[in-house]
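# Structure assessment
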Amino acid sequence: MALDWLPSALDLARFQFAFTITFHFLFPAFTIGLASFLAVLEALWLSTGRAVYLDVFRYWLKVFAIAFAMGVVSGVVMSYQIGTNWSVFADRTGNVLGPVMGYEVLTAFFLEAGFLGIMLFGLERVGKKLHFAATCLVAIGTLISAFWILSANSWMHTPAGHSILPDGRFMPEDWWAIVFNPSFPFRFAHTVTGAYLTTAFIVGGVAAFHLLRDSRNERTRTMFSMAMWMAAIVAPMQIVLGDFHGLNTLEHQPQKVAAMEGHWERQRGAPLILLGQPDMAAEETHVLLEIPRLSGLILTHEWDGETPGLKDVPPEERPTNVPLVFWAFRVMVGLGTAMATLGLLSLGLRWRGRLYDTRWFLRAALVMGPAGLVAVTAGWITTEAGRQPYTVYGLLRTADSVSPLAAPAVGASLLAFIVVYFIVFGAGVWFLFRLFGQPPHVAEEGPEETQPIRTSGITPGPAMHHAGPHGSALGDSPKRH
């Protein structure tokens, strides 16, 4: 047939979901941290009265409005794909995951939607304290949203609190165990701190760009200082949380850890393979650079600790793309180490009074601006590709979760998504970069707003707005005397 060259419907459905969720996750990873950053800025403005904090707040509020909207729009298609491409998965897990995602809408999305308008346009209308409350509620809403979504995702990695009916459907038995499943606390902490780091380095990169042009701009200095404080504090925390998350993964998903490390044989005192190329056909990793015993020490905290190998299980139980998991993990760890290093260097420069005018450091911060986005994307690739070949780890295989669709149908929707995403989100990202290219000013303006339309009575028309002192409410001509 003419379309025999197409990959299978399963491969296309997997790629489509990976493509769309990668686009989507970039925006929540940014806005979760940015919402909290805005709340901190407004709190500093209210407590100190310094206009510099209000100007920086308004500068980033415009960015938040665009990024938040793009995140919402790109997230809508997730449920669409689950219904069309993964209907078997939806049918079998719906009794568990459906309510969890419903809680996200009821507790987080409604909260964000209810107070977002006040946050964006209400500073001059509702008063400072009420506006600050709205900003805090939006920030809290982003964290609640992350809570429920990561709980659902974590349950797919470490399912708990359920029973399985004879027809294969999962039924909830213990909601506490479902929501707070074994990997959830570690994944939630690791992801949220990753979002904070993502925001810190974007803010720091934008500030560095403007400091290279004008190191005297007080507002740019404030942005850069706060971003570097966040990097210096949170990046080391992220490394510690990543270690806890890794130990949890070793306990519940040992084959994922084996793929991350590139280890095929179970061994004691395993070396840390810094550079290598896993060969799935030969069932070995061609080592280019390694450090003896370090992998075993990191994973078990013991010098002679025993670590799993991919050969512990049959080939059909192993991750389906070991090289992808192996290299994505190294990108994440490498960038995390670089971010922590930059944060520590900022402390030394701050102590010497050279934080704002050390050009090599500013250039490094500018280059590292997108590092958080790349790192969180690599982290999600690691965790999701490492979960394969299962959608619900150990219980529901990916091949058994897909809808009974033909490959051309999935391929057509995939092509449509690619075209629309690159046009719509390309324009959105271009607009964000236009905002980034403008330095913060004194008396910075917030998001643009239009004249509100009255909800009752007669909507004012142009004649009513421009009626002279002698004109009537209906725009009559003034009387002649």
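You'll find the structure just up there.
Here's a quick rundown of the structure. Predicted model only: the values in this text are computed from it and were never measured. (Residues numbered from 1 in each chain as written. Predicted model: local features only at pLDDT ≥ 70, side-chain atom pairs only at ≥ 80, totals over all residues. Heavy atoms only, no water.)

## Remarks on the overall build of the protein chain
Here is the rule: For helices the rule is a DSSP run of H or I covering at least 4 residues; for strands it is a run of E covering at least 2, with both sets numbered from the N terminus onward. Think of it in three bands: with a 1.4 Å probe and only protein chains considered, a residue is buried below 20% of the maximum accessible area for its type, exposed above 50%, and partly exposed in between. Note on areas: these come from Shrake-Rupley sampling with a 1.4 Å probe, and a residue is covered only by the protein chains present in the view. When charges are tallied, Lys and Arg are placed among the positive residues and Asp and Glu among the negative ones, while His and the ends of the chain are skipped. To locate a charge, take NZ of a lysine, CZ of an arginine, CG of an aspartate or CD of a glutamate.
Per the secondary structure count, the protein chain includes 15 helices and eight strands. By principal-axis analysis of the C-alpha atoms, the protein chain measures approximately 100 × 60 × 50 Å. For the protein chain, buried positions account for 47% of its 481 residues. For the protein chain, the accessible area works out to roughly 23,400 Å², and carbon and sulfur atoms hold 67% of it. Of note, the protein chain has its 32 positive side-chain charges centred 13 Å away from the centre of its 35 negative side-chain charges.

## Points about the pattern of salt bridges
Here is the rule: A side-chain nitrogen of Lys or Arg and a carboxyl oxygen of Asp or Glu constitute a salt bridge if their distance falls within 4 Å.
Applying the stated criterion to the full structure yields 14 salt bridges. With a closest N to O distance of 2.6 Å, Glu-218 and Arg-50 form a salt bridge. Taken as a pair, Glu-218 in helix H8 (residues 218-252) and Arg-50 in the loop between helix H1 (9-48) and helix H2 (51-84) lie far apart in primary sequence, 168 residues in all. Using a relative accessible area of 35% as the deciding quantity, one classes Arg-50 as partly exposed. Among the salt bridges present, the one from Arg-219 reaches Asp-55, with a minimum N-O distance of 2.6 Å.

## As for the packing of helix H7 (residues 184-213) against H8
Filter applied, for reference: Axis geometry follows a simple rule: fit a line to the C-alpha atoms, using only the stretch in contact for helices, then measure angles between N-to-C directions, giving values from 0 to 180 degrees. Angular relationships are summarised with four words: roughly parallel below 35 degrees, roughly antiparallel beyond 145, roughly perpendicular across 65 to 115, and oblique for the angles in between. A crossing counts as left-handed when the near helix is turned anticlockwise from the far one by less than a right angle, and as right-handed when that turn is clockwise.
Running from amino to carboxyl end, H7 crosses H8 at an angle of 155°, the nearest separation of the two axes being 7 Å. What the angle tells us is that H7 and H8 run roughly antiparallel. Crossing geometry of H7 relative to H8 is assigned as left-handed.

## Focus: the pairing of strand E5 (residues 284-291)
Note the following rule: Here the rule is simple: two strands pair whenever DSSP picks up at least two bridges between them.
Pairing analysis gives seven bridges linking strand E4 (residues 272-279) to E5, with the strands arranged antiparallel. Its bridge partner being in E5, Ile-273 is matched across the sheet by Glu-290.

## Description of a nonpolar patch on the surface
What counts, and what does not: Each patch is built from salt-bridge-free residues with over 30% relative accessible area, joining like charges within 9 Å and nonpolar side chains (Val, Leu, Ile, Met, Phe, Trp, Tyr) within 5 Å.
On the surface, a cluster of nonpolar side chains totalling about 690 Å² of accessible area is made up of Val-72, Val-76, Tyr-103, Val-105, Leu-106, Phe-109, Phe-110 and Trp-175. Looking at the nonpolar patch, the elements with two or more residues in it are H2 and helix H3 (87-121). Top contributing element to the nonpolar patch by residue count: H3, with five residues. For Val-105, the location among the structural elements is in helix H3.

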